[in-house]
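These are the residues of each chain, in order.
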Amino acid sequence: MKAIILAVVFVGLMSAQSYGAAAPQVGQVYRWDSDAPFGYGGVVPKTQLTVIEVYGSGVKLKDVTGNEYTINNSMFHQYLSLQMLVPYDSKKARGGR
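To start, this report covers the structure provided alongside it. (Residues numbered from 1 in each chain as written. Predicted model: local features only at pLDDT ≥ 70, side-chain atom pairs only at ≥ 80, totals over all residues. Heavy atoms only, no water.)

Before going further, it helps to spend a moment on the pattern of salt bridges. Should their charged atoms come close, side chains of opposite charge can pair. Enumeration over the complete set of coordinates arrives at three salt bridges. Between K60 and E68 there is a salt bridge whose closest N-O contact spans 3.7 Å. Looking at E68, the relative accessible area reads 44%, which means it is partly exposed. Where salt bridges share partners, they join E53, K60 and E68 into one cluster. (Salt bridge = Lys/Arg side-chain N within 4 Å of Asp/Glu carboxyl O. Buried < 20%, exposed > 50% of the residue type's maximum accessible area, 1.4 Å probe, protein only.)

So, in structure tokens, the structure goes:
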């Protein structure tokens, strides 16, 4: 019984954390920060992905080579909560303020 309760609490926390994140906006840049390729296999680790369209049910991302990927909101927020998809700040990357 304890295991079931802990599992429900864990899933609830993951859901709350992922949906607490700000909604993606067109032009926002993320970095695929996972050792595994992006779900489509075409994006290699540490690749930058830019939001090019936001739908009611998902987002369309574009990598630096021009490939486009559409993912649903659930997966997008799951990648964010697992820190596989990380917001990229070019000022921080250059050491700016």
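Next comes the rest of the write-up.
Attention now moves to the environment of T65. Note on placement: T65 falls in the loop between β3 (58–63) and β4 (68–72). For the pair T65 and Q48, spaced 17 residues apart in the sequence, the C-alpha separation amounts to 9.7 Å. Of note is the side chain of T65, whose polar atom sits 2.8 Å from the side chain of D63. Polar side-chain contacts of T65 include one of 3.1 Å to the side chain of N67. (Helix = DSSP H or I, 4+ residues; strand = E, 2+ residues; numbered from the N terminus. Polar contact = N/O pair within 3.5 Å; in protein donor to acceptor, adjacent residues only side chain to side chain.)

What follows is about the nonpolar core. Of all hydrophobic cores here, the largest spans 13 residues; its most connected members are F38, L49, L61, I71, F76 and L85. Elements with a contribution of two residues or more to this core: β1 (29–32), β2 (48–54), β3, β4 and α2 (73–81). Element by element, the count of residues in this core is highest for α2, at three residues. Here F76 is in contact with P24, Y30, V59, I71 and L85, once residues within four sequence places are set aside. (Core = buried A, V, L, I, M, F, W, Y, C linked by side-chain atoms within 4.5 Å. Contact = heavy atoms within 4.5 Å.)

Attention now goes to the sheet that holds β2. Across the sheet, which stays open at both edges, the five strands sit in the order β4-β3-β2-β1-β5 with antiparallel pairing between neighbours. In the strand order of this sheet, the two ends are held by β4 and β5 (85–87), each with one partner. Going across the sheet, the axis of each strand differs from the next one's by a mean of 40°, ignoring polarity. Pairing geometry for β3 and β4, over five bridges, is antiparallel. Note on β4: the bridge partner recorded for K60 is T70. (Pairing = 2+ DSSP bridges. Axes fitted to C-alpha atoms, helices over the stretch in contact; angles between N-to-C directions.)

Attention now moves to the pairing of β3. For β3, the buried fraction is high: five of the six residues fall into the buried class. Examined bridge by bridge, β2 and β3 share five bridges and lie antiparallel to one another. When the sheet's bridge partners are listed, T50 is paired in β3 with K62. Hairpin geometry of β2 and β3 is characterised by an intervening segment of three residues between the two adjacent antiparallel strands.

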